[in-house]
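# Secondary and tertiary structure notes
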Amino acid sequence: AQTVTQSQPEMSVQEAETVTLSCTYDTSENNYYLFWYKQPPSRQMILVIRQEAYKQQNATENRFSVNFQKAAKSFSLKISDSQLGDTAMYFCAFMKQGDDKIIFGKGTRLHILP
Amino acid sequence: DAGVTQSPTHLIKTRGQQVTLRCSPISGHKSVSWYQQVLGQGPQFIFQYYEKEERGRGNFPDRFSARQFPNYSSELNVNALLLGDSALYLCASSLGQGDWEQYFGPGTRLTVT
């Protein structure tokens, strides 16, 4: 069975700083996807960034980038130039290729301070 | 295009009652998945339906059931409600057939008293 672990329940950083959220996962699968989702107080789950396991290059979406270490089963999210609107719960998630079931971590609550 | 919609937004039920939650997927999406998110936790997978067939089921009791209609909308039913069923219930839709990207609805907040 796959598991996703987020070891930082809560983090706070100043606006414009860079912050890194950690995630580790466990799987015996070779083909899978990893995601970071953002859930603001509005509750809407929003996909921030995705990574296909077969790709060695780390995914980047504007201010968001990941550090994907497949051998170490590590998948961290870096937010550069953090903004107040980045305040939210962030979930790391895993999905086996060919499967539509997403397995989520417990989340990291991120506060961006003015 | 409209996103995934869910109804109702929130509701309050009493222990032992039954509840039905509804989800309309994005137009063209044939797969619907349901997740339960207890306060302070990540969502947990309950069901996935594709083309009106159940494709997957999470570790939930038989009190939980779901179905998908010909128009691909879906209902989640929970019988004999327990206090522990209080949660945010999220619906997500995807094209299916290996297209992995899931789009989430805003959720239904269920409170059981």
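Predicted model, so just to flag it, every value in this text is computed and none were measured.

## Focus on the interface of chain A and chain B
Facing the 18 residues of chain A at the interface are 26 residues of chain B. Taken together, both faces of the contact between chain A and chain B bury some 1800 Å²; the carbon and sulfur share is 53%. Here chain A is connected to chain B by zero salt bridges. Of all the secondary structure elements, the ones that give two or more residues to the side of chain A that touches chain B are β5 (32–39), β6 (46–52) and β10 (88–96) of chain A. Looking at which element gives the most residues to the side of chain A that touches chain B, the answer is β5(A), with four residues. Residue composition of the side of chain A that touches chain B, grouped by class: nine nonpolar, four polar and five charged.

## Looking at the sheet that holds strand β7 (residues 64–68) of chain B
Residues and elements named next belong to chain B. Read from one edge of the open sheet, four strands run β1-β3-β8-β7, paired in antiparallel fashion. One side of each edge strand has no neighbouring strand; the edge strands of this open sheet are β1 (5–7) and β7. Neighbour to neighbour, the strand axes of the sheet diverge by 15° on average, direction disregarded. Note: strand β3 (residues 19–24) against strand β8 (residues 74–78), five bridges, orientation antiparallel. Within β8, the residue paired with T20 across the bridge is N77.

## Let's talk about the pairing of β8(B)
Residue and element names in this part refer to chain B. With five of five residues buried, β8 lies mostly within the body of the structure. Neither face of β8 is left uncovered, since the one carrying S74, L76 and V78 and the one carrying E75 and N77 both have all their residues buried. Sheet topology note: the β7/β8 ladder contains five bridges and is antiparallel. Bridge assignment links F64 to a residue of β8, and that residue is V78.

## A few points about the environment of T14(B)
All names here are of chain B. Its place among the elements puts T14 in the loop between β2 (10–13) and β3. Given the relative accessible area of 43%, T14 is considered partly exposed. Considered as a pair, T14 and E101 are 87 residues apart in the sequence and their alpha carbons are 36 Å apart. Apart from residues lying up to four places away in sequence, T14 is in contact with L81, V112 and T113.

## A short note on the packing of aromatic side chains
Residues and elements named next belong to chain A. If you walk through the whole model with that rule in mind, you get 16 aromatic pairs over all chains. Consider the rings of F35 and Y37, whose centres lie 5.9 Å apart with planes at 45°: the pair is tilted. Residues F35 and Y37 agree in their burial class; the two are buried. Centroid distance W36 to F75: 6.3 Å. Interplanar angle 20°. Geometry classified as stacked.

## Here we look at the nonpolar core
Core analysis: the largest hydrophobic core is formed by 27 residues, its most contacted members being L21(A), Y25(A), W36(A), F75(A), L77(A), Y90(A) and L110(A). Of all the secondary-structure elements, those providing two or more residues to this core are β2 (10–14), β3 (19–21), β5, β6, β8 (64–69), β9 (74–79), β10 and β12 (108–113) of chain A. In terms of residues, this core owes the most to one element, β10(A), which gives four residues. Judged by nonpolar contacts, the second largest core, of 22 residues, contains V19(B), I46(B), L81(B) and V112(B).

About the thresholds
- Residues numbered from 1 in each chain as written.
- Chains lettered and ligands numbered in written order.
- Predicted model: local features only at pLDDT ≥ 70, side-chain atom pairs only at ≥ 80, totals over all residues.
- Heavy atoms only, no water.
- Contact = heavy atoms within 4.5 Å.
- Buried area = accessible area lost by both parts, 1.4 Å probe.
- Salt bridge = Lys/Arg side-chain N within 4 Å of Asp/Glu carboxyl O.
- Helix = DSSP H or I, 4+ residues; strand = E, 2+ residues; numbered from the N terminus.
- Nonpolar A, V, L, I, M, F, W, Y, C, P; charged D, E, K, R; others polar.
- Pairing = 2+ DSSP bridges.
- Axes fitted to C-alpha atoms, helices over the stretch in contact; angles between N-to-C directions.
- Buried < 20%, exposed > 50% of the residue type's maximum accessible area, 1.4 Å probe, protein only.
- Phe/Tyr/Trp six-rings, centres within 6.5 Å; stacked < 30°, edge-to-face > 60°.
- Core = buried A, V, L, I, M, F, W, Y, C linked by side-chain atoms within 4.5 Å.

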